[in-house]
Every structure is written in C-alpha cells, then in structure tokens.
Amino acid sequence: MPRDDDPKKAFDASDFELAQLNVGKIRYAKDSPEMADFIGALDHINGLAEQSDGFVWRLKDETGSAMSFSLFDAETLPNLSVWRDRESLFNYVYKTAHTDYLARRKEWFHMPSEGHMVLWWVPKGHRPGLDEAARHLEYLRENGPTPMAFTFKRAFGPDGEPVTGKPALVSV
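About the criteria used
Residues numbered from 1 in each chain as written. Predicted model: local features only at pLDDT ≥ 70, side-chain atom pairs only at ≥ 80, totals over all residues. Heavy atoms only, no water. Phe/Tyr/Trp six-rings, centres within 6.5 Å; stacked < 30°, edge-to-face > 60°. Helix = DSSP H or I, 4+ residues; strand = E, 2+ residues; numbered from the N terminus. Core = buried A, V, L, I, M, F, W, Y, C linked by side-chain atoms within 4.5 Å. Buried < 20%, exposed > 50% of the residue type's maximum accessible area, 1.4 Å probe, protein only. Contact = heavy atoms within 4.5 Å. Pairing = 2+ DSSP bridges. Axes fitted to C-alpha atoms, helices over the stretch in contact; angles between N-to-C directions. Salt bridge = Lys/Arg side-chain N within 4 Å of Asp/Glu carboxyl O. Expected span 1.5 Å × (residues − 1). Bend = angle between axes of the 7 residues up to and from the residue. Polar contact = N/O pair within 3.5 Å; in protein donor to acceptor, adjacent residues only side chain to side chain.

1. Some words on the packing of aromatic side chains
Here comes step 1: Enumeration according to the criterion identifies 11 aromatic pairs in this entry.
Here comes step 2: Aromatic pair Phe55 and Trp83: ring centres 5.3 Å apart, planes at 85 degrees, arrangement edge-to-face. Taken together, the positions of Phe55 in strand β2 (residues 55-58) and Trp83 in strand β3 (residues 76-83) put the pair 28 residues apart, joining distant regions of the chain.
Here comes step 3: Each ring, one from Tyr101 and one from Trp108, has its centre 6.3 Å from the other, and the planes form 25 degrees; the classification is stacked.
Here comes step 4: Put simply, the rings of Phe38, Tyr101, Trp108 and Phe109 pair up and form one aromatic cluster.

Shown next, in the form of structure tokens:
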C-alpha cells in the first residue's frame, strides 16, 4: 500500500499511477509462421495503447519493441506498462481493437495455469522494471489480491482501500 513517509503531507491519489504486468507463454517460436499475425499486429496495438487516454509508459527497447524481453523463462513474454488509473487501462484493454487480439490469445499463448496479470500503484513518475513487476506477480500468486498486488476484479485504490464495481467505461 503506497504511503508517503511524511505524516504531515495529506494523501493525494493523483500522486500515484497504475502499473500493470501481464505475461504469456508463447506456443511457438517468435519467428514462426504461427506467430506472424501476433507479431505483425504489435506495432498497431502498442501504438493504440500509446495514443489511449491515460497511457503513461510501456517497457520497450531502443527499437520500440518489447519482444526482446522475457520473464521467468525464454518463452514467457512480459507486457509492462503504467497508466493514469484503472479506468484508462480497462478501457484500452476491453474497449478498443486490443480486444480482437485478446480474443485470439489461445492461438499464440498457452492458457495460464496461474495468475498472469497484476496491477499495483506506483509513485507518479516511477517506471517499474521487470524484477519489480515479477515480485508483484509472484506476490499476487502467493497471497491473492491485496493493496500490494491486485486484479481488475479485486482492486484497491492508491490509498489501499478496496475498490468496488467495474471501472467506469468511457466511449472510445
């Protein structure tokens, strides 16, 4: 649960941003014909994310791609990003063309046997690395949703209090 060390400073939710990690274990080699549709869509889908209201940052290498990163093993691809809030991330994930590819994920990724997505609050301006993100996902897997690591369904605000209901959808 994010807190400022100065007890005299009033809590301000706008001092925090939402980090998210999701991982997927690929079914085929990245350069295989079976992965071609997924790989071919990445620039479009990542560009859509970057143009979305509330997008702050995503992990990428000097070429603008995240395909050079892996987590836990060579076949597990991470997607790590930071958003203004839960609503903006939810709108991107479920109310844009991203959903077309989300619906096809079984073509490219093994279905997860454990938690594969985690959310957590970070101080505004902080950009988490893969080690930090992996710790949050492992924490969620071991402890379930808490203010330290949570999901869309069981979320917490930056103040550590549970959030009820689905995020408000915004027309895109």
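2. So, the nonpolar core
Here comes step 1: Core analysis: the biggest nonpolar cluster contains 18 residues, and Leu18, Trp83, Leu89, Tyr92, Leu119, Phe150 and Phe152 have the highest contact counts within it.
Here comes step 2: Put simply, the parts of the chain that give this core at least two residues each are β1 (16-25), α1 (36-51), α2 (86-95), β4 (117-123) and β5 (155-156).
Here comes step 3: If one sorts the elements of this core by residue count, α2 sits on top with 4 residues.
Here comes step 4: Apart from the residues lying within four places of it in its own chain, the contact partners of Phe150 are Leu18, Val118, Leu119, Trp120, Trp121, Leu140, Pro145, Ala155 and Phe156.
Here comes step 5: Listed in part, the 16 residues of the second largest apolar core include Leu59, Leu71, Leu80 and Val122.

3. Concerning the sheet that holds β4
Here comes step 1: Judged by pairing direction, the sheet is antiparallel, and its 4 strands sit side by side in the order β2-β3-β1-β4 without closing on themselves. The sheet is open, and its two borders are formed by β2 and β4, each paired with just one other strand. Going across the sheet, the axis of each strand differs from the next one's by a mean of 25 degrees, ignoring polarity.
Here comes step 2: Across 7 bridges, β1 lies against β4 in antiparallel orientation.

4. Digging into the environment of Gly47
Here comes step 1: Mapped onto the elements, Gly47 comes out in helix α1.
Here comes step 2: What makes Gly47 buried here is its relative accessible area of 18%.
Here comes step 3: C-alpha separation for the pair Gly47 and Thr63, spaced 16 residues apart in sequence, amounts to 13 Å.

5. Observations concerning the pattern of salt bridges
Here comes step 1: Tallied over the entire structure, the rule returns 9 salt bridges.
Here comes step 2: The salt bridge involving Glu17 is made with Arg127; its shortest N-O contact spans 3.0 Å. With Glu17 in strand β1 and Arg127 in the loop between β4 and α5 (130-143), the pair connects residues that are 110 residues apart, well separated along the chain.
Here comes step 3: A salt bridge links Arg84 to Asp85; the nearest nitrogen and oxygen atoms lie 3.2 Å apart.
Here comes step 4: The exposure class assigned to Arg84 is partly exposed, which follows from its relative accessible area of 39%.
Here comes step 5: The class of Asp85 is buried, set by a relative accessible area of 18%.
Here comes step 6: Three or more residues joined by partner-sharing salt bridges are found here, namely Asp37, Arg104 and Glu107.

6. Some thoughts on α1
Here comes step 1: Look at α1: 24 Å from first C-alpha to last across 16 residues, which is about the 22 Å you get at 1.5 Å a residue.
Here comes step 2: The axis of α1 is deflected most strongly, by about 40 degrees, at Leu42.
Here comes step 3: Listed as buried for α1 are Phe38, Ala41, Leu42, Ile45, Asn46, Gly47 and Ala49.
Here comes step 4: In this structure, the buried side of α1 is in contact with β2, β3, α2, α3 (98-102) and α4 (105-108).

7. Remarks on α2
Here comes step 1: Among the 10 residues that make up α2, 7 are buried, leaving the element largely enclosed by the rest of the structure.
Here comes step 2: Among all positions in α2, only Arg86, Ser88, Leu89, Phe90, Asn91, Tyr92 and Val93 are buried.
Here comes step 3: N-cap assignment for α2: the residue whose side-chain oxygen lies 3.4 Å from the backbone N of Glu87 is Asp85.

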